[in-house]
Amino acid sequence: MIVELGHYALVLAFALTLVQCVLPLWGALSGDDRLMAVAPPVSVMLFVLVLISFVALTVAYLNSDFSVLNVLQNSHSAKPLIYKFTGVWGNHEGSMLLWVLILVFFGALVGFFGGNLPKDLKAATLSVQAWVSAGFILFLLATSNPFERVVNPPLEGADLNPILQDIGLAIHPPLLYVGYVGFSITFSFAVAALLLGRTDAAWARWVRPWTLLAWCFLTLGIAMGSYWAYYELGWGGWWFWDPVENASFMPWIAGTALLHSAIVMEKREALKIWTVLLAIFTFSLSLLGTFLVRSGVLTSVHAFATDPARGVFILVLLCIFIGGSLSLYAWRAPMLKQGGLFAPISREGGLVLNNLFLTAACAAVFVGTLYPLALDAITGEKISVGAPFFNLTFGPLMVPLLMAIPFGPVLSWKRGDLHAASQRLYAAFGLALLFALVTFWLWGMEKVLAPMGVGLAVWVMAGAVSEIVTRVKFFEIGPKRGFARLVGLPGSAWGTVVAHFGVGVTVLGIVTASAFQEERIETMRPGDSVELSGYEVTFDGAAPRRGPNYTEEVGHFTIRKAGAYVADLDPSKRVYTARQMPTTEAGIHTTGFSQLYLSLGESRGDGAVDVRVYYKPLITLIWIGCVIMSLGAVFSMADRRLRVGAPKPAARRKAVQTAAAE
Amino acid sequence: MTRKQRRLTLIGSAGAVLAIALGLILFALNDQIVFFQSPTDITQNTMPAGQRIRLGGLVEEGSVEKSDNAQVNFRVTDMANAVAVTYKGILPDLFREGQGVVTEGVIGPDGVFVADSVLAKHDENYMPKEVAEALKDQGHWQGGEGEAN
């Protein structure tokens, strides 16, 4: 009964999106207030309906209702409760339902909090959001109905893919989806602006916080996915340039460009047309990612059981939304007024440079991800584009960008002075050089790129800090007043510092973990030891153990450093009973920011087992840096200026207008 | 600077960055891509030595030999031809005899394929797509469509 209710709510939601697609937009174009007033309550109602539907599916999972096909195929009564819950989105249908839930949630947020938006912009935005929602709800109903029943339900389900039976499933997909789907709002804003033929101050002020919100979650989602793959797959790698990873990385790069160009648009009313295009591109890349991951053109843990009809359906949606919005752009963009001139060396110029490199890098990832698919489709030739391609293209494009990061915030708007800006960065440059030289002195010619990488990372971190320190003249006015001024800085200034610092931290983690990693692969018998980076890893033996829905062979290892006990590690090899599927559970010991990583191979019968031991210096900085970056986004969002309902002072608005009119 | 000069600077720098990106992409596509080959392709063609390839097929029944130092030797077959592979490392969880596998590496001078990565799959009934198609080419594909996911 509850399941049917959920299904019915979803059908009702589809009918409502159709209303929402037409009426408010019609109202916005014809200036009819009553039609526009339809949008906010309907957007909230849509969210409630999809939520009912999602809760219904969740209830079916928690009750292990195997008469529902989706539950039967992806759950098991012996599965721990948390995985019954997270298993709701551990399959194609349920994850698409979560996708749609977040989509309508964002619509409801705009409907609920959009009180100070111009009425027509709000109505048009919600209409566009409803088009996207209608497409995906129809996709669910027509090709991936999670509420399908089975006539003669068996007593036991097929269980969830064991790799997904991890706390990561509770965190990674929801975070990633809020990020991915969050860009739909900026997309809807952009398309609405094109439909109405104008981008005013309110538009500019609204785009940035939404971009920041989506970007913040996407950053966390990608970082979480990376850490999950790192500890769950047992390969010890944190990024594989796998097409599925790239699918989430491309919207992230485009979103990063977007949130920088939105600053220029907000402060200087320049780059409007470009920002609108970026907003369209960013969500288009999110849609492309959904297509790549869900259509089955790629083989990965994310591509659940596939059905050609689904791929075609998403491809059609993709063509309609991307093709439609780009044609609209080509037609209407020339109508948008350009404002705000600036010299090449200026804050705006720096942000344009950022956008150039990010777009180029995004294009490189795009080519590397889609070229093999295109080649296969056209010629049937099978190739693979792996890490070397991306390291060779993405890497070199990031280096100049990283070098330029500290300059951006110290340049002034409109016309900057590179010489004066550099003077504020001397200390940062000195520090970076020092770290590079020390690294070189310690390792010498053996690792030539490492000192440059370390220097670059320190340069980015120190550059971020020195920007605010010199901005408040911390050392000139003394620490007491200095601190007071630091606290008084606007949230967006802190956001920049924190986010850029986070970039440096991540880069440092990447450089050290790649350059100084040590790895040993050995066949070990009980009592054997291996030495690695000063640690002594002893294999004490293996023993079987039973879990709730798996059995495992646990290896016991003792870690010592210079004879002194450090830790016990218990990596294991599990076999999940229902699917008879083996998985590897790595044993990880964290010291400071570094990790010792153990994973087991198959045991060889005579008590010997293949063991892979890694020492990964400072590897956790990679993910810590991402968390710091998203913290930066939080600071920026907390800025008073962006807070909903905080109008721009009239005097400043006038100043901006006269500046723009020059 | 005049308006025109500013615009030219902008377009010029955009062009320069895009040209660099394009150059890098073309260079890397020329050099860093890896071709997928079945055992039959390898026995028939003579690939230049040292060329990286992806070899895909089934792990031949009874061919897996493990030795100390985590060294593994096995043969990858498409039921028509087979290629000997050697690999040092931990095999993926789902590596089994008679199952599909994709390995990446280079062919050594002795004709043995030295793999530096071995991929099985994330799911127990998943067959790497390339392998499924290579097997179909050899007429040895018995699985239903459902197995190709």
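Chain B is annotated in an unreviewed UniProt entry as Cytochrome c-type biogenesis protein CcmE of Roseibium album. Database annotation for chain B, UniProt heading Sequence similarities (unreviewed entry): "Belongs to the CcmE/CycJ family." As its UniProt record puts it under Function (unreviewed entry), chain B is described as follows: "Heme chaperone required for the biogenesis of c-type cytochromes. Transiently binds heme delivered by CcmC and transfers the heme to apo-cytochromes in a process facilitated by CcmF and CcmH."

Per an unreviewed UniProt entry, chain A goes by Cytochrome c-type biogenesis protein CcmF and derives from Roseibium album. If you open the UniProt record of chain A and go to Subcellular location (unreviewed entry), you find "Cell inner membrane". Entered under Function (unreviewed entry) in the UniProt record, the comment concerning chain A runs "Required for the biogenesis of c-type cytochromes. Possible subunit of a heme lyase."

Participant: Could you give me a rundown of the overall build of chain B, with the residues and numbers involved?
Facilitator: Helix and strand content of chain B: three helices and seven strands. Order of helices (α) and strands (β) in chain B, N terminus to C terminus: α-β-α-β-β-β-β-β-β-α. Each of the 149 residues in chain B was classed as buried or not, and the buried ones make up 36%. The contacts in chain B between residues at least 6 apart in sequence include a share of 49% that link residues at least 24 apart.

Participant: Provide a residue-level description of the overall build of chain A, including the pertinent values.
Facilitator: Summing up its helical and strand segments, chain A has 23 helices and eleven strands in all. Relative to a compact globule of 662 residues, whose C-alpha radius of gyration would be 26 Å, chain A shows 27 Å and is just as compact. Overall, the C-alpha framework of chain A stretches about 80 × 70 × 55 Å when taken along its three principal axes. Long-range contacts, defined as pairs at least 24 residues apart, comprise 76% of the intrachain contacts of chain A with a sequence gap of at least 6.

Participant: How would you summarise the environment of Leu358(A) if you had to cite specific residues and measurements?
Facilitator: Residues and elements named next belong to chain A. Among the structural elements, Leu 358 can be located in helix H13 (residues 347-379). Judged by the 23 C-beta atoms lying within 10 Å of it, Leu 358 falls in the buried class. It is 34 Å that separates the C-alpha atoms of Leu 358 and Leu 25, two residues lying 333 residues apart in sequence. In this structure Leu 358 touches Ile 253, Thr 256 and Ala 257, once residues within four positions along its chain are discounted.

Participant: Give me the sheet that holds strand E10 (residues 594-603) of chain A: which residues, what numbers.
Facilitator: Residue and element names in this part refer to chain A. The strand order across the open sheet formed by four strands is E2-E11-E10-E9, and the pairing between neighbours is antiparallel. The outermost strands of the open sheet, each flanked by one partner alone, are strand E2 (518-524) and strand E9 (587-591). Going across the sheet, the axis of each strand differs from the next one's by a mean of 15°, ignoring polarity. Sheet topology note: the E9/E10 ladder contains five bridges and is antiparallel. Among the inter-strand pairings, Gly 587 is bridged to a residue of E10, identified as Leu 598.

Participant: Any chance you could break down the domain arrangement of chain A for me, citing the residues and the numbers?
Facilitator: Residues and elements named next belong to chain A. Each domain of chain A was delimited in the assignment, giving domain 1 (1-160), domain 2 (166-332 + 347-390), domain 3 (405-516 + 620-630) and domain 4 (518-616). Look at where the C-alpha atoms of domain 1 and domain 2 centre, and you get two points 22 Å apart. Counting residues at the interface gives 28 residues for domain 1 and 29 residues for domain 2. Taken together, the elements giving at least two residues each to the side of domain 1 that touches domain 2 come down to helix H5 (81-86), helix H6 (92-113) and helix H7 (119-143). For the side of domain 1 that touches domain 2, the per-class residue count stands at 17 nonpolar, ten polar and one charged.

Participant: Could you give an account of the confidence of the model for chain B, with specific residues and numbers?
Facilitator: Residues and elements named next belong to chain B. Across chain B, the average pLDDT comes to 78, with 79% of residues at or above 70. Ranking the helices and strands of chain B by mean pLDDT puts strand E5 (residues 82-88) first, with 90, and helix H3 (residues 129-137) last, with 68. Across residues 122-126, confidence stays below pLDDT 50; counting only partners more than four residues off in sequence or on other chains, it has twelve contacts. Interface predicted TM-score (ipTM) for the complex: 0.82; the corresponding pTM is 0.91.

Participant: Summarise the packing of helix H10 (residues 243-268) of chain A against helix H11 (residues 272-294) of chain A; cite the residues concerned and give the values.
Facilitator: Residue and element names in this part refer to chain A. Contact geometry for H10 and H11: axes closest at 9 Å, N-to-C directions at 165°. Relative to H11, the element H10 is oriented roughly antiparallel. Read as a crossing pair, H10 and H11 show a hand that is left-handed. Class assignment of the residues belonging to the contact of H10 with H11 gives a composition of 17 nonpolar, seven polar and one charged.

Participant: Give me the lowdown on the interface of chain A and chain B, citing residues and values where you can.
Facilitator: Between chain A and chain B, the residue contacts involve 45 residues of the former and 38 residues of the latter. Those elements that provide at least two residues to the side of chain A that touches chain B are H13, strand E1 (383-385), helix H14 (387-404), E2, strand E8 (581-585), E10 and strand E11 (609-616) of chain A. The greatest single-element share of the side of chain A that touches chain B, amounting to eight residues, is contributed by H13(A). Tallied by class, the residues present in the side of chain A that touches chain B amount to 24 nonpolar, 14 polar and seven charged. Here E1(A) runs beside strand E1 (residues 33-37) of chain B; their pairing, made up of three bridges, is antiparallel. Directly across from Ile383(A), in E1(B), lies its bridge partner Phe35(B).

Participant: I'd love a proper account of the UniProt feature "domain: Cytochrome c assembly protein" (unreviewed entry) in chain A, names of residues and values included.
Facilitator: According to UniProt, the "domain: Cytochrome c assembly protein" (unreviewed entry) feature falls on residues 89-295 of chain A. End-to-end, the C-alpha atoms of residues 89-295 of chain A are 16 Å apart, and along that stretch the chain is 76% helix and 0% strand.

Participant: Could you give me a rundown of unusual backbone geometry, with the residues and numbers involved?
Facilitator: With a phi close to 55°, Leu271(A) is a non-glycine residue in the positive phi region. Within the element layout of this structure, Leu271(A) appears in the loop between H10 and H11. A tally of 24 C-beta atoms within 10 Å means that Leu271(A) is categorised as buried. In this structure, Met79(B) is a non-glycine residue whose phi angle is positive, near 75°. Along the chain, the position of Met79(B) falls in the loop between strand E4 (71-77) and E5. Judged by the 16 C-beta atoms lying within 10 Å of it, Met79(B) is partly exposed.

Participant: Residue-level account of the nonpolar core, with values.
Facilitator: Residues Val100(A), Ile253(A), Ala279(A) and Ala361(A) are the most contacted members of the largest nonpolar core, which totals 177 residues. Sort the elements by how many residues they give to this core and helix H9 (residues 201-232) of chain A lands first, with 18 residues. If we ignore the near neighbours within four places in the chain, the residues touching Ala279(A) are Thr186(A), Phe187(A), Phe189(A), Ala190(A), Val207(A) and Leu258(A). Counting residues in each nonpolar core, the second largest holds 22 residues, with Leu58(B), Ile90(B), Val118(B) and Ala120(B) among its members.

Participant: Just give me the short version of the pairing of strand E2 (residues 53-59) of chain B, but keep the residues and values in it.
Facilitator: All names here are of chain B. The buried count for E2 comes to seven of seven residues, which makes it a mostly enclosed element. Note: E1 against E2, three bridges, orientation parallel. Its bridge partner being in E2, Phe 36 is matched across the sheet by Arg 54. Here E2 runs beside strand E6 (residues 100-107); their pairing, made up of six bridges, is antiparallel. The residue of E6 that forms the bridge with Gly 56 is Val 102.

Participant: An account of the environment of Gly111(B) is requested, with residue identities and associated values reported.
Facilitator: Relative to the helices and strands, Gly111(B) is located in the loop between E6 and strand E7 (113-119). Note on Gly111(B): 10 C-beta atoms within 10 Å, which makes it exposed.

Participant: Tell me about the packing of helix H1 (residues 2-30) of chain A against H7(A), and name the residues and values.
Facilitator: Residue and element names in this part refer to chain A. Close contact between H1 and H7 brings their axes to 8 Å; oriented N to C, the two are set at 150°. Compared by their axis directions, H1 and H7 come out roughly antiparallel. Viewed along their axes, H1 and H7 form a crossing whose handedness is left-handed. Residue composition of the contact of H1 with H7, by class: 19 nonpolar, five polar and one charged.

Parameters and conventions
- Residues numbered from 1 in each chain as written.
- Chains lettered and ligands numbered in written order.
- Predicted model: local features only at pLDDT ≥ 70, side-chain atom pairs only at ≥ 80, totals over all residues.
- UniProt positions renumbered as here; feature names shortened; annotations may be inferred.
- Helix = DSSP H or I, 4+ residues; strand = E, 2+ residues; numbered from the N terminus.
- Buried ≥ 20, exposed ≤ 12 C-beta atoms within 10 Å, placed from the backbone.
- Contact = placed C-beta atoms within 7 Å.
- Rg over C-alpha atoms; globule rule 2.2 N^0.38 Å.
- Pairing = 2+ DSSP bridges.
- Axes fitted to C-alpha atoms, helices over the stretch in contact; angles between N-to-C directions.
- Domains from an automatic or database assignment.
- Nonpolar A, V, L, I, M, F, W, Y, C, P; charged D, E, K, R; others polar.
- pLDDT = per-residue confidence, 0-100.
- Parallel < 35°, antiparallel > 145°, perpendicular 65-115°, else oblique.
- Left-handed = near helix turned anticlockwise from the far one by under 90°.
- Core = buried A, V, L, I, M, F, W, Y, C linked by C-beta atoms within 7 Å.

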